[in-house]
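Below, each chain spelled out in residue letters.
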Amino acid sequence: PTGQEEKLLLSSWGLPKPVLERYRKHGVMHMFEWQAQCLTVGQVLQGANLVYSAPTSAGKTLVSELLMLKRVLETKRKALLILPFVSVAKEKMHYLQSVFEEAGVRVEGYMGNVSAAGGFTSLDVAVCTIEKANSLINRLIEEENMGLLGMVVVDELHMVGDSGRGYLLELLLTKICYIAQKQNTAGSLSEGIQIIGMSATLPNLSLLASWLCAELYQTDYRPVPLQEHLKVGCKVYDKDLSVVRQFTPALNVQGDDDHIVSLCYETVREGCSVLLFCPSKNWCEKLADSIAREFYNLRNSEHSNEAELPPVSLDQQGLVDVVAQLGRTPAGLDSILQRTVPWGVAFHHAGLTFDERDVLEGAFRQGLVRVLAATSTLSSGVNLPARRVIVRTPTFNGHLLDPLTYKQMSGRAGRKGVDTIGESLLVCKEAERHKGISLLKGSLQPISSCLVRREGEGVTTSMLRAILEIIVGGVASTPQDVRLYASCSLLAASLKLNMKKELDEETSKGAIEACVEWLMDNEFISIQKEGEVFFAKELYCPTQLGAATLSSSLSPPESLAVFADLQRAMKGFVLENDLHILYLITPLYAEWTTIDWYQFFCLWEQLSSSMKRVAELVGVQEGFLARSVSGKIIAKTEKQRRQMAVHKRFFTTLVLHDLVNEVPLGTVA
């Protein structure tokens, strides 16, 4: 498209007719000016890499969808779309199927326990989570099929800095850059793999762009302006900390010192919806229950002063249908939702099944459910905007919210095409005022590589995994290859940027050699010599343990622990109950942010002697539990961390044990 007006029309970008028609049905006929600018930056349309950032709900995904469609149709190669969470990936897969299907572009998903029928060769776009994408790329490399792949799109590229899963994303992108360098396809835009990264607004986004040799585009445009407010007591402050409003609660509810119910009532009375973010599942449920009770009281109130307030107007029939749909889900109708949904209030957290979430998300989008109390997982997940977002407290799980999560929560305020303005409210007590201010004014942390060695640490787990992965996958088999691979990492890019190149090449070389040595000492890899005696070439070969570690997606230290468990079990296996076998199949990485150690200790006391034998066999100690209850355990050394991991894993096993014995889900949760 040439003219400015024409540029913003979706129909002037040469899209296939069926796709245009589908976009029209979803209400997308025009694009924003920033999207058109972003698409035409540098040589992106010819296949150059792109890293771009825009606020939540600014329409980031449309840019990547158009580039994906273009690449797939023109090169007849496949695209990979990587998203951080299963729920988001699932929603995206259904959306893309509805848009692309009629143009003959087949979209399938790899997430949770879902895999594409007919395998990777039969699809055009694969929507996957980070872990699945990594194993998919490993398989393509192993089968020498990387030529099938034409594009990789990463949503939430800032996840590279995530302490839990960031390194996987970094390794995945490093592998793609390394293969591009090795096959020297970097020169030809149509031959190589195009990388598109979408990110939150970061202070050092240019580092990510230079690492991926990508064009960079940044915007802070929001289709619906956002007002970020801080509420302390009855005063509401704006970003400059000026008082914009003195809040007078419409409803006096006992125990509701922060006036949450009144804030919800105020928005719902105007016919709009509210998203409420709470720290825990329990808190979500209790809050939903008390808001619904107040909405009920308004309708059935006999007090004259309360009667002056009009009750909230809801689509009663629609809500009856929602309750019926929840009743038809495999989990049955939750007792709290049964009370709250008829009053347009619900909760949303990880304790719900996928079916329940689907029903509630649909009801919230349609405006049937007006108040949704959710945990922070929803903020980075599915697209559920609301007129007002309330962040219930600045501290989640005992820690101050990180700025990124807060930005994602507040960014949900304001629905495109419905609201003219969105409002987010961070609710603080007087004692938390400074925390609230730091969040409101805070900026995001710069991102750093996960391969960096922390103070006092030996070899980094992520570096070990990185090197083992390329040796097992056959990507690199000589010391030179391994060094070239390391030079394609984000770590190398950030060192280059810091101009400490000469000094750090030595340290990174040392780090690589230390990792190779560790992998050899622990029998993950072995060295074979090839060729004449004097000119023998050293080749790294994986052992069975090395290959098994990679297929299991465990890190090398984790797989050593699992291997030791299995070897112990071979010598003495407890068959009196299911506990031992359950422990061995319990995932190592079930992350419990907070374990109720007192509850754990009570469960321990109730265990039968044969179950306690299993616990002791796998390394659970009564003394450790007792110290944890009194809060005296801080995992500082490697040994303490391992011990903590064993106890957390055993706690997960007890949960699984209850579920296997058909204890109702609600009781276990």
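Residues numbered from 1 in each chain as written. Predicted model: local features only at pLDDT ≥ 70, side-chain atom pairs only at ≥ 80, totals over all residues. Heavy atoms only, no water.

> When you look at the overall build of the protein chain in this model, what are you seeing that I'm missing?
Summing up its helical and strand segments, the protein chain has 28 helices and 19 strands in all. For a compact globule of 669 residues, the expected C-alpha radius of gyration is about 26 Å, and the protein chain comes in at 27 Å, within 12% of that figure. Viewed in the frame of its principal axes, the protein chain has a C-alpha envelope of about 100 × 80 × 50 Å. Accessible area for the protein chain stands at about 31,500 Å²; split by element, carbon and sulfur atoms hold 52% of it. Positive and negative charge centroids in the protein chain, built from 67 and 75 side chains respectively, lie 1 Å apart. (Helix = DSSP H or I, 4+ residues; strand = E, 2+ residues; numbered from the N terminus. Rg over C-alpha atoms; globule rule 2.2 N^0.38 Å. Areas by Shrake-Rupley, 256 points an atom, 1.4 Å probe, with all protein chains shown as cover. Lys, Arg positive; Asp, Glu negative; His and termini not counted. Charge placed at Lys NZ, Arg CZ, Asp CG, Glu CD.)

> Would you mind showing me how to read the pattern of salt bridges here?
Close approach of charged atoms allows side chains of opposite charge to pair. For the coordinates displayed, the defined rule picks out 20 salt bridges. The partner of E21 in a salt bridge is R24, and the shortest N-O contact between them spans 2.7 Å. Of the two residues, E21 and R24 both sit in helix α2 (residues 17-25), three residues apart, roughly one turn of that helix. Given the relative accessible area of 34%, E21 is considered partly exposed. (Salt bridge = Lys/Arg side-chain N within 4 Å of Asp/Glu carboxyl O. Buried < 20%, exposed > 50% of the residue type's maximum accessible area, 1.4 Å probe, protein only.)

> Help me out: how do you make sense of the sheet that holds strand β8 (residues 226-232) in this one?
Within the open sheet, the eight strands sit side by side as β10-β9-β8-β17-β14-β11-β13-β12. Their pairing is mixed. Looking at which strands have only one partner, the edges of the open sheet turn out to be β10 (243-246) and β12 (345-348). Sheet twist, expressed as the mean angle between neighbouring strand axes with direction ignored, is 25°. In this structure, β12 lies alongside strand β13 (residues 371-374), joined through four bridges in parallel fashion. Paired with V345 across the bridge in β13 is V371. (Pairing = 2+ DSSP bridges. Axes fitted to C-alpha atoms, helices over the stretch in contact; angles between N-to-C directions.)

> So what exactly am I meant to see when it comes to the side chain of D419 here?
Mapped onto the fold, D419 is located in the loop between α15 (403-410) and β17 (422-428). The residues contacting D419, other than those within four sequence positions of it, are V224, A386, R387 and G414. (Contact = heavy atoms within 4.5 Å.)

> What is the right way to look at the nonpolar core in this model?
Nonpolar side chains tend to gather and get buried jointly when the protein is soluble and globular. In terms of nonpolar packing, the biggest core is built from 75 residues, with L80, F120, M146, L149, L173, L212 and I467 touching the most fellow members. Top contributing element to this core by residue count: helix α7 (residues 166-182), with 10 residues. Residue assignment places this core across two domains, with domain 1 (1-218) and domain 3 (461-547) each supplying three or more. With near-sequence residues (within four places) excluded, L212 lies in contact with N49, V51, L157, L173, C177 and I195. (Core = buried A, V, L, I, M, F, W, Y, C linked by side-chain atoms within 4.5 Å. Domains from an automatic or database assignment.)

> Sorry if this is basic, but what is going on with the domain arrangement of the protein chain here?
Interfaces are often sized by the amount of accessible area the parts lose when they come together. Domain parsing of the protein chain yields domain 1 (1-218), domain 2 (226-441), domain 3 (461-547) and domain 4 (572-667). Between domain 1 and domain 4, the C-alpha centre-to-centre distance is 41 Å.

> Honestly, a nonpolar patch on the surface in this entry has me stumped. Any pointers?
A surface patch of nonpolar side chains, about 320 Å² in accessible area, is lined by F573, L575 and I581. Here I581 is to be found in helix α23 (residues 579-585). (Patch = residues over 30% accessible without salt bridge, like charges linked within 9 Å, V, L, I, M, F, W, Y side chains within 5 Å.)

> Help me understand the packing of aromatic side chains in this model?
Working definition: an aromatic ring pair is given by the centre-to-centre distance plus the angle between the planes. In this structure the tally under the stated criterion is 10 aromatic pairs. Ring centres of F32 and Y221 lie 5.1 Å apart, and the angle between their planes is 55°; this geometry places the pair in the tilted category. In this pair, F32 sits in the loop between α2 and α3 (33-39) while Y221 sits in the loop between β7 (215-218) and β8, placing the two residues 189 residues apart along the sequence. On the basis of relative accessible area, F32 is assigned to the partly exposed category, the value being 22%. Among the aromatic side chains, those forming a connected cluster through ring pairs are W597, F600, F624 and F651. The ring of Y583 is capped by R649, whose NZ or CZ atom sits 4.3 Å from the centre of that ring. (Phe/Tyr/Trp six-rings, centres within 6.5 Å; stacked < 30°, edge-to-face > 60°. Lys NZ or Arg CZ within 6 Å of the ring centre and 35° of its normal.)

> How should I be thinking about the packing of helix α24 (residues 597-606) against helix α27 (residues 638-660) in this particular structure?
Each packed pair of helices is defined by two parameters, the angle between the axes and the distance between the axes. Two elements in contact, α24 and α27, have axes separated by 11 Å at closest approach and are oriented at 65°. Between α24 and α27, the interaxial angle falls into the category roughly perpendicular. Here α24 and α27 pass one another in a crossing that is left-handed. On the side of α24, the interface is formed by W597, Q599, F600 and L603, while α27 contributes M644, H647, F650, F651 and L654. In terms of residue class, the contact of α24 with α27 is built from seven nonpolar, two polar and no charged. (Parallel < 35°, antiparallel > 145°, perpendicular 65-115°, else oblique. Left-handed = near helix turned anticlockwise from the far one by under 90°. Nonpolar A, V, L, I, M, F, W, Y, C, P; charged D, E, K, R; others polar.)

> I keep staring at unusual backbone geometry and nothing clicks. Help me out?
Excluding glycine, a negative phi dihedral is what most residues carry, and trans is how most peptide bonds are arranged. Within the chain, C213 stands out as a residue other than glycine whose phi angle is a positive 50°. By the secondary structure assignment, C213 is in the loop between α8 (205-211) and β7. Here C213 falls in the exposed class, since its relative accessible area comes to 66%. For L241, which is not glycine, the phi torsion reads 65° and is therefore positive. As for its placement among the helices and strands, L241 is situated in the loop between β9 (235-237) and β10.

> Got a minute to help me understand the pairing of strand β3 (residues 107-110) in this structure?
Regular strands show a simple pattern: their side chains alternate between the two faces of the sheet. Side chains of β3 alternate between two faces, with V107 and G109 and E108 and Y110 buried alike. Judged from the four bridges that link them, β3 and strand β4 (residues 125-129) form a sheet pairing that is parallel. Within β4, the position partnered with E108 by the bridge is A126.

> Sorry if this is basic, but what is going on with the environment of E270 here?
Turning to its location among the elements, E270 is positioned in the loop between α9 (260-269) and β11 (274-277). Between the C-alpha atom of E270 and that of T393, which follows or precedes it by 123 residues, the distance is 24 Å.

> Mind showing me how you'd approach the sheet that holds strand β5 (residues 149-154) here?
Strand pairs in the sheet, formed through backbone hydrogen bonds, run parallel or antiparallel to each other. Taken in spatial order, the seven strands of this open sheet run β3-β4-β2-β5-β6-β1-β7, and their pairing is parallel. The open sheet has two edge strands, β3 and β7, and neither has a second partner. Within the sheet, the average angular offset between the axes of one strand and its neighbour, ignoring direction, is 15°. The pairing of strand β1 (residues 50-53) with strand β6 (residues 194-199) spans four bridges and is parallel.

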